[in-house]
Amino acid sequence: MKIMTCPINGPRLISEFAYAGELKAMPDPAQATDEQWADYVFNKNGPAGIKREWWCHTSSGVWFIAERDTSRDVIVRTYLYTTEVPRT
Amino acid sequence: MFTQHDQLKSSYDVVIIGAGGHGLAAAYYLARDHGITNVAVLEKGYIGGGNTGRNTTIIRSNYLTPEGVQFYDESVRLWQDLSQDFDLNLFYSTRGHFTLAHTDAAMRTMRWRAEVNKHFGVQSEAVDAQSVQEAVPMMDISCGGHAPVVGALYHAPGAVARHDAVAWGYGRGADRRGVEIHQKTEVLSIETTDSGSGPAVSGVMTNRGHISTKRVLCAVAGSTPRLLSMVGLTSPLYIHPLQAMVSEPVKPWLDPIIVSGSLHVYVSQTARGELVMGASLDPYELHATRSTLDFAESLSMHMLEMFPFLGDVKVVRQWAGMADMTPDFAPIMGKTSVKGFYLDSGWGTWGFKATPVCGKTMSHTVATDQPHALITGFGLDRFRRYALTGEKGAASVGH
Amino acid sequence: MMRLPTLPGEWIDRTRTVTFTFENEPVTGYVGDTISTALAAEGKRIFGRSFKYHRPRGFLSFANHDVNVMTQVASIGRSTPNVRGDMEAPIAHSKVTAVNTRGGLKNDRFALLNHFSRFLPVGFYYKAFHSKRLFPMWERLFRRLTGLGTVDLDASHRSTPKRYDFCDVLVIGAGPSGLSAALAAAAAGADVLLIDENRALGGSGLYARAGSDAVVAKTQALVSAVRAESRIRVLLSSFASGYYADHWVSVIAPEAMVKVRARSVVIAQGAYEQPCVFRGNDLPGVMLASGAQRLMYRFSIGPARRITLLTANAEGYAAALDAKSRGIEVECVLDLRATPGPDSTALMAQLTRQGIRVVTDVQPIEAVAGRAGSVARLLYRVAGVEDSVAVDGIWMSVGFAPANAFLHQAGAGMRYESSIEQFVPERLPAGLYACGKVAGAYSLDARMADGERAGRQAVSALGAMDSLPVAPVLAPIECPNHPYPVFAHLAGKEFVDFDEDLQIKDIENACQEGFDSTELLKRYSTMGMGPSQGKHSNLNALRILAAWRGDALGEHALTTSRPMFHPVPMSHLAGRGFMPERKTPMDADHAALGAVWMPAANWRRPEYYAVDGVSREAAITAEVHAVRTGVGLIDVGTLGKIEAHGSQAGEFLDRIYTARYSNLKVGMTRYGLMLDEAGVIIDDGVIARLAPECFYFTTTTGNSATLFREFGRLATWWGLPVGLVNLTGHYAAFNLAGPHSRAVLRTLTDLDLSDAAFPYLAVREGLVAGVPCRLMRVGFVGELGYEIHLPFESGTEVWRALLNAGKASGIRPFGVEAQRMLRLEKGHVIIGQDTDGVTNALEIDAPWAIKMDKPFFIGQRSLAVLAKQPLRQTLVGFQMPLGVTERPKECHLIIDQGRIAGRVTSVGFSPTLGRVIGLALVDPVVAAHPTLRVRMDAGVEVLLEVTSHPFYDAAGARQKMEVAS
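The model shown is predicted, which means the values in this text are computed figures rather than measured ones.

1. Re the overall build of chain A
Next up, step 1: Tallying secondary structure elements over chain A gives one helix and six strands in all.
Next up, step 2: Secondary structure of chain A in N-to-C order comes out as β-β-β-α-β-β-β.
Next up, step 3: C-alpha atoms of chain A, sized along the principal axes, occupy 40 × 25 × 20 Å.
Next up, step 4: Counting only residues that meet the buried cut, chain A has 49% of its 88 residues in that class.
Next up, step 5: Long-range pairs, those at least 24 residues apart, make up 42% of the contacts in chain A with a sequence separation of at least 6.
Next up, step 6: For chain A, the accessible surface area stands at approximately 4,100 Å², while carbon and sulfur atoms represent 50% of it.
Next up, step 7: Distance from the positive charge centre (10 side chains) to the negative charge centre (11 side chains) of chain A: 8 Å.

Written out as structure tokens, the structure reads:
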């Protein structure tokens, strides 16, 4: 089983973690057109590659960002959302 | 069975990307029903090597929405005649299909599906636990006491078939009608020009050279996002692995196909005697086909809850495919905003059974540049319009 | 065949015997024997029948892929299918039979198929029997023909434990290279786990002896050193079944699965000897030389009396010497090569000294069976001249296939090393190493050196993220592998795949038909798809494919290797199972009160309380009646229970729920819907403000864990400093409801329960029966009621106190079914029942709950889009006309002009109203009609009257206590 490193709890089995999809920037609801909003709600991040994703260490409730190469099942790095504001 | 073509031609009327069941079926019907034979099917790997050869071969039409039921019902009808059409035995075997319900909420969904199915003339019936026990007398319907079966959706036409043979049959039929199948041919880019009313397809670059074409059909399941990005489109598709495993052959003991959404199990026994078993999607996005031990462990655990006597039966092999999932559990098919770029995707965990009807409807769509009546509800633009299909309403496993 | 003289180190215990029957004949073997060796010791040579043609088969490899020796073992309590005779020990007094026969092994009626093999070419079944009308009949016949062993449908559940293990270096394979690797790694300070599928250390170092003790002595020295090394732990009779991500390896021990996490892994699994492909190569008596060596040295079985070695490498010459030294007559050594290599030449001298002749440049023609069905003669050709040799054993030693499945699974790259005609690793992932035969090292010294190197590397790079360059191949001077040991015969029966009975022409025909790539060939011919998964067949098939195409072997990809390495029983994979079930503190009390249970996510809840002599319907009706006219008590402790703290907790909830909470007064509650970003309803709950910076709220039972987690993500994402506490398991909760609820509660609390002090929708904290509780005056069931939340450990005490206090008022505990009816009478929706996976918040007719004028809530922007579109469906109430006795069921369809216009979502007989009422999600146009047409069971259609909902006390006067109780 894969090992994922929680920024707080260190390396743990990936079965202890929950995946919550990609980190998406939300457009301003007041400014976005209906079409832009639908794009935000439904569309995904496209081809395989290094993705920034939300993950949670479920037993401790720690949420963090994982950069993962989705073409190879390789976790590149993990960090807390709050300590490193991700580029968008 | 297939002709080898040493070189690509410089142009084709239609280029189909992906020589899985869907792509080859579209090629077959383009040639047979629409007289379009100047067609190249491009395949990065080998014929039927993707999800066509990795699924658990279940065929059924007991869906929830009118669009879904009518679409898959047409597919089942086509399936039943394919062996004779191809002069190739697909081992199409009607077994009956039980979707087990372990809660009253699941039972409500089964009734809903049964009622919609019956409305469209599809044989489905919500049955009680006793009927399940009579049909599968060896099953522990208490499921080890953890999740007693309260009833099921019984779908008599549920069937299995030899998955590889489907691709071969369509491939051979297309080949005989002049379609060129090019294996080990990877698409590197898709060229578009401005048609005045938006972009239009003009060509395809491959690792074996350039092709001019005005029509491209994309039938590549897990690779769809990459091809979409080549023409500047985005989609709600997300790719998760779907794993399966198979046992050593044993003498026939299980006739029907058994599915339990709650226990994440589906199982059938092949003509060779193997048990083919699957479960739900892997929990996170991945565009690769690696296997995991936890899959084999949890699937075996749930299998033994239903069939406790199988402890000594051995698993010989596990594998994975890449499922291209959609938010509403319905496919994404038809025309796109790029003229001449046609999409056959969003097949998630339900693509195999749709192979014939996809070929039929997509060939029509490509030949006439008009979406076939059976797929008008499945267009990519439905998300922009918030016009999702209701297939997710069933919220049961989709196999 | 015979039992050979005693040998030190043999695996059998000659002092103890074990008796069983095989095909109804008694067999006595020694403890330590396998089923096959016990049979062989009694002179039997035919152990099974092949899968397709039902040909008699005996030993082939004796390496856990003699699939033709699958047996059915019946012992006390269970009959086990597909037991591998070459591996499994006989169970005392068991009844063993060959699988896949009709009428027994000797007189297998399906052996007839052998004579029809000419008419059963590869792909045959694809080309015939496909009449739509007749196929079902054919299929029933095929299914009986196939299938190997029989599942015992009465076998009891086998519960198998699982263990975990951790090590620095996992060495898989305990032959000379693996032993050396383990020693080197331990010497470098690593904690080493060494596993081998055999029951003793040493591998081929103890059976490939070349008739001398030199190899054995060196190997035994390694074994002793390993035994003496405290840093090496040894696990025998255990095979690795799969290599998974991050060095996670499943090891199948006899009675348990061990999941090993290693920091690095050394693959020292050696190589599988491969058969020579010629006519009759499957006859009993024709076998791999290494298999014969294993039989002679491990089990002291002489698998023949008089043999010839059909060889193309020095290993064959060595095996001939071994046979001789164990007293088996070696008629001759037949070498396929024109010029034997230097190692062979050296061994040839020894053979010659012992009077054994060596013939070179041999082409086998055919192995011929004698009367007993096993081999009696080998026909061959030398320099164009046919010759033959009368033997009862033909041992094949023509080459090996590296056991590199795990290298593939781990993502290693392979290249073809033409000097040894073998695939070897080209690049290895970080932390993975290969040594010995799998890496191309064949001589004992080379294997030991290679093992040492791998063991050292595995420690030196522990924890490194990058892989080391692959070490150069320590290739032998003499090539161990014949490049094309394939000899076609006009009459066929040269077997490539013994599992599937595939012959040369099957492979060639498949190529001819266009299945001329590795994967297509495999799928069309089923080559390598049988239980031995191609271990003895993939390489030769690939050679035939390459030859057919005129390519070099190295240009063809090997077929993908996937777990399992050897087949694994499902009980090992399943383990003991872990299905936790949650119970509220009152669980035992419910049971004592007659609860009939229903599952609620991973909890169980009383559906209703059974009463002796009373039907389910009547019991539920009585529960409903109690709540409407007196007082009832229901356990609602399975609800998610969450606290949110902080100055921005209100804003946080504003963003999560459709209603507004930042302006909620302390001491009050408010209902809210939760949506996803597309506007679809996913949950609902009641939110109470306990203090300016403290909210307490509930979620539905099934969603509590995932929602609590999601709240954490949202708080992180939005940067809102909210403290979230999940109290679901810490708090018990029940709802005391009914016109007499206040009177009952008053006897147990000092709280002022007056409407003025504790109005409808208020929340108060105070003591109930001496226990600190949170009380919410909410009205899900539509009566005066108090939802009481309190510490889990006090749940039972207060529950009992309430039931006690309510005795005079006729209090009844009520279950989920009664609650469903009570809420239905009030027209309250149940999320997930009256809504589905696509129902959006505009469709349930609850505009009062959705505050579109808030700055933001999840789903709000999408609702704004949806609001511009015509409504897809809407929730309506209906009642059955009085006098109609049929009752629709939930999910029966609403039909309008022949099309589906909606469905019934909730329905039931309301004891209070005396009629059937329900809710339906319906096309809004149809919902405006005075009646709906519902299609019930058997297609009967009935009209329903559309009515307003709530059906009961529409003004909500009762829960607000505006009517006298």
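2. Overview of the interface of chain B and chain C
Next up, step 1: Contacts between the two partners involve 80 residues from chain B, matched on the other side by 96 residues from chain C.
Next up, step 2: In total, about 7,700 Å² of surface goes out of reach between chain B and chain C, with carbon and sulfur atoms giving 58% of it.
Next up, step 3: Inspection of the region where chain B meets chain C yields nine salt bridges.
Next up, step 4: The tally of links from chain B across to chain C stands at 31 residue pairs in polar contact (both at pLDDT 80 or more).
Next up, step 5: Those elements that place two or more of their residues in the side of chain B that touches chain C are helix H2 (66-86), helix H3 (104-119), helix H5 (163-176), strand S17 (275-278), helix H7 (293-306) and strand S18 (314-325) of chain B.
Next up, step 6: At nine residues, the largest contribution of residues to the side of chain B that touches chain C is made by H7(B).
Next up, step 7: Across the side of chain B that touches chain C, the residue classes break down as 35 nonpolar, 24 polar and 21 charged.
Next up, step 8: Bridge analysis of S18(B) against strand S31 (residues 568-569) of chain C gives two bridges, and the strand direction is antiparallel. By the bridge assignment for S31(C), B:Val315 is matched with C:Val568.

3. A word on the side chain of C:Glu229
Next up, step 1: Inspection of the secondary structure assignment puts C:Glu229 in the loop between helix H5 (214-228) and strand S11 (232-235).
Next up, step 2: Non-local contacts of C:Glu229, meaning those with residues more than four positions away in its chain, are made with C:Leu183 and C:Ala186.

4. A look at the packing of aromatic side chains
Residue and element names in this part refer to chain B.
Next up, step 1: Evaluated as defined, the whole model comprises 48 aromatic pairs over all chains.
Next up, step 2: Their ring planes at 65 degrees and their centres at 5.6 Å tell us that Tyr 29 and Tyr 170 sit as a pair that is edge-to-face. Remark: Tyr 170 occurs in helix H5 and Tyr 29 occurs in helix H1 (residues 21-34); sequence separation between them is 141 residues.
Next up, step 3: Of the residues examined, Tyr 29 reaches a relative accessible area of 1% and is grouped as buried.
Next up, step 4: Seen from their ring centres, Trp 253 and Phe 309 are 5.2 Å apart, and the 80 degrees between their planes marks the pair as edge-to-face. One end of the pair, Trp 253, is in the loop between strand S14 (238-247) and strand S15 (257-260); the other, Phe 309, is in the loop between H7 and S18, with 56 residues separating them in the sequence.

What counts, and where the lines are drawn
- Residues numbered from 1 in each chain as written.
- Chains lettered and ligands numbered in written order.
- Predicted model: local features only at pLDDT ≥ 70, side-chain atom pairs only at ≥ 80, totals over all residues.
- Heavy atoms only, no water.
- Helix = DSSP H or I, 4+ residues; strand = E, 2+ residues; numbered from the N terminus.
- Buried < 20%, exposed > 50% of the residue type's maximum accessible area, 1.4 Å probe, protein only.
- Contact = heavy atoms within 4.5 Å.
- Areas by Shrake-Rupley, 256 points an atom, 1.4 Å probe, with all protein chains shown as cover.
- Lys, Arg positive; Asp, Glu negative; His and termini not counted.
- Charge placed at Lys NZ, Arg CZ, Asp CG, Glu CD.
- Buried area = accessible area lost by both parts, 1.4 Å probe.
- Salt bridge = Lys/Arg side-chain N within 4 Å of Asp/Glu carboxyl O.
- Polar contact = N/O pair within 3.5 Å; in protein donor to acceptor, adjacent residues only side chain to side chain.
- Nonpolar A, V, L, I, M, F, W, Y, C, P; charged D, E, K, R; others polar.
- Pairing = 2+ DSSP bridges.
- Phe/Tyr/Trp six-rings, centres within 6.5 Å; stacked < 30°, edge-to-face > 60°.

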